[in-house]
Amino acid sequence: MGYKDIKFPDGSKFLVTGSAGFIGSNLVEAILELGYKVRGLDNLSTGKKENVEEFLNHPNYEFIEGDIRSLDTCMKASEGIDFVLNQAAWGSVPRSIEMPLLYEEINIKGTLNMMEAARQNDVKKFVYASSSSVYGDEPNLPKKEGTEGNLLSPYALTKKVDEEYGKLYTKLYGLDTYGLRYFNVFGRRQNPNGAYAAVIPKFIKQLLNDEPPTINGDGKQSRDFTYIENVIEANLKACNASHEAAGQAYNIAFGGREFLIDIYTHLLNALGKDIQPIFGPKRKGDIKHSNADISKANKLLGYDPNWSFERGIEAAIEWYKRNLE
Ligand code: NAD
């Protein structure tokens, strides 16, 4: 259970790309707490320096401001590294529909650069962020690896291509790669601002400010919302996984399913608010329901998440109340 007891060899060194973002900064924090060395790489495009400011003076932390679109930068960043946790990418399905070329450059070429640099630098494990969006229009629930449908956005395509490169790099070059298909992650430090912000932090911030949030569609869409602690566990367990488990992608979720309208009501109650939402049009590229079968990650990575949605949302609300109010 959890990740706090996982042991890596003394002096192990991790590289977290996208380290100034939501998931990356939480990975940095967790690894430092476990007592290992971390190098962060980020170009501060969607991430913020303030997310990692508190670690800048930590003796085990080093930050490189740079871009994964440069192979040279990726080579320098992965020098002397044992484990790469590649989180740098641009998220958001709707934004990728607006700017597909940029997504290709960052999410595909950038990840390929990192994989290639990891191979040349003899990195032990290359763990990378994929996404539940690779299931596309597959209607059956729960989603299970090997049952993907037609892709619905450039973002989903970039993650699918990353997974194909991951498979190839294990097969051709023996680099142990593990793709983690995150399902709607939430928790501390997730950005609540902007048109492309994720729904939970955005709603919390708007409600704290007494502004009515917009629900796209009827609110009856459901997602397997996954608390950040579970994602940290998955990354660290993948670093400890066997060679046999490499070259594959894994669902990383809690394995539950929450309806958006119920989350809205939950937030209203938790924050003591009485605000009617605005119902907007359904978003292009979005799917109606999502819920993960996590048995493959459980079996091959030992992933055994213990942060339910209810437990996670309480912790997230408390964090945003302290940090936004
Ligand atoms: P985020 O935007 O908070 O973090 C991404 C970080 O990558 C940012 O700090 C950004 O500045 C950095 N970055 C972007 N382009 C870069 C580049 N070219 N070079 C260097 N750094 C760059 O997003 P997040 O939610 O933390 O997502 C992390 C990863 O997880 C991404 O790969 C995302 O696609 C994936 N993912 C996230 C979710 C989720 O629910 N948050 C779900 C599925 C997949």
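Below you will find a few notes about this structure. (Residues numbered from 1 in each chain as written. Predicted model: local features only at pLDDT ≥ 70, side-chain atom pairs only at ≥ 80, totals over all residues. Heavy atoms only, no water.)

Looking only at helices and strands, the protein has ten helices and 13 strands in total. Radius of gyration (C-alpha) of the protein: 19 Å, near the 20 Å computed for a compact globule of 325 residues. Counting every position in the protein, which comprises 325 residues, the buried fraction comes to 55%. Long-range pairs, those at least 24 residues apart, make up 81% of the contacts in the protein with a sequence separation of at least 6. Element-wise, carbon and sulfur atoms account for 49% of the exposed surface of the protein, whose accessible area totals about 13,700 Å². One way to put it: in the protein the 39 positive side-chain charges average out to a point 2 Å from where the 44 negative ones average out. (Helix = DSSP H or I, 4+ residues; strand = E, 2+ residues; numbered from the N terminus. Rg over C-alpha atoms; globule rule 2.2 N^0.38 Å. Buried < 20%, exposed > 50% of the residue type's maximum accessible area, 1.4 Å probe, protein only. Contact = heavy atoms within 4.5 Å. Areas by Shrake-Rupley, 256 points an atom, 1.4 Å probe, with all protein chains shown as cover. Lys, Arg positive; Asp, Glu negative; His and termini not counted. Charge placed at Lys NZ, Arg CZ, Asp CG, Glu CD.)

Before going further, it helps to spend a moment on helix 5 (residues 154–173). A rise of 1.5 Å per residue sets the reference length of helix 5, with its 20 residues, at 28 Å; its end C-alpha atoms lie 27 Å apart and thus fit the reference within 8%. For helix 5, every residue scored as buried is listed here: Tyr155, Ala156, Thr158, Lys159, Asp162, Glu163, Gly166, Tyr169 and Thr170. Each buried residue of helix 5 sits inside an arc of 160° when the element is viewed along its axis, so together they form one side. Counted as exposed and oriented over 90 degrees from the buried face of helix 5: Lys171 and Leu172. (Expected span 1.5 Å × (residues − 1). Arc of directions from axis to C-beta.)

Where burial is concerned, most of helix 6 (residues 199–208) is hidden: seven out of the ten residues are buried. Of the surrounding secondary structure, the elements contacted by the buried residues of helix 6 are strand 7 (185–186), strand 8 (214–216), helix 8 (260–271) and helix 10 (309–324). Residue aspartate 210 follows helix 6 closely and has a positive phi angle near 60°.

Take the packing of aromatic side chains next. Tallied over the entire structure, the rule returns 17 aromatic pairs. Aromatic pair phenylalanine 203 and tyrosine 264: ring centres 5.8 Å apart, planes at 90°, arrangement edge-to-face. Of this pair, phenylalanine 203 sits in helix 6 while tyrosine 264 sits in helix 8, and the two are 61 residues apart along the sequence. Tyrosine 264 carries the same exposure label as phenylalanine 203, and that label is buried. Aromatic rings pair up to connect Phe186, Phe225, Tyr227, Trp307 and Phe309 into one cluster. One residue, arginine 95, lies across the ring of tryptophan 90, its end atom 4.5 Å from the ring centre. (Phe/Tyr/Trp six-rings, centres within 6.5 Å; stacked < 30°, edge-to-face > 60°. Lys NZ or Arg CZ within 6 Å of the ring centre and 35° of its normal.)

A separate point is the packing of helix 6 against helix 10. Running from N to C, helix 6 and helix 10 cross one another at 50°; their axes reach a closest spacing of 11 Å. Taken together, the axes of helix 6 and helix 10 are oblique relative to one another. When you trace helix 6 past helix 10, the crossing you get is right-handed. Contact with helix 6, carried on its side by Ile200, Pro201, Ile204, Lys205 and Leu208, involves Phe309, Ile313, Ile317, Tyr320, Lys321 and Leu324 of helix 10 and no other residues of that element. Partitioning the contact of helix 6 with helix 10 into residue classes produces nine nonpolar, no polar and two charged. (Axes fitted to C-alpha atoms, helices over the stretch in contact; angles between N-to-C directions. Parallel < 35°, antiparallel > 145°, perpendicular 65-115°, else oblique. Left-handed = near helix turned anticlockwise from the far one by under 90°. Nonpolar A, V, L, I, M, F, W, Y, C, P; charged D, E, K, R; others polar.)

Helix 7 (residues 228–239) packs onto helix 1 (residues 22–34) with a crossing angle of 65° between their chain directions and a minimal axis gap of 10 Å. Crossing geometry of helix 1 relative to helix 7 is assigned as right-handed. Across from Phe22, Ile23, Asn26, Leu27, Ala30, Ile31 and Leu34 in helix 1, the residues of helix 7 making contact are Ile228, Val231, Ile232, Asn235 and Leu236. Looking at the contact of helix 1 with helix 7 residue by residue, the class counts come to ten nonpolar, two polar and no charged.

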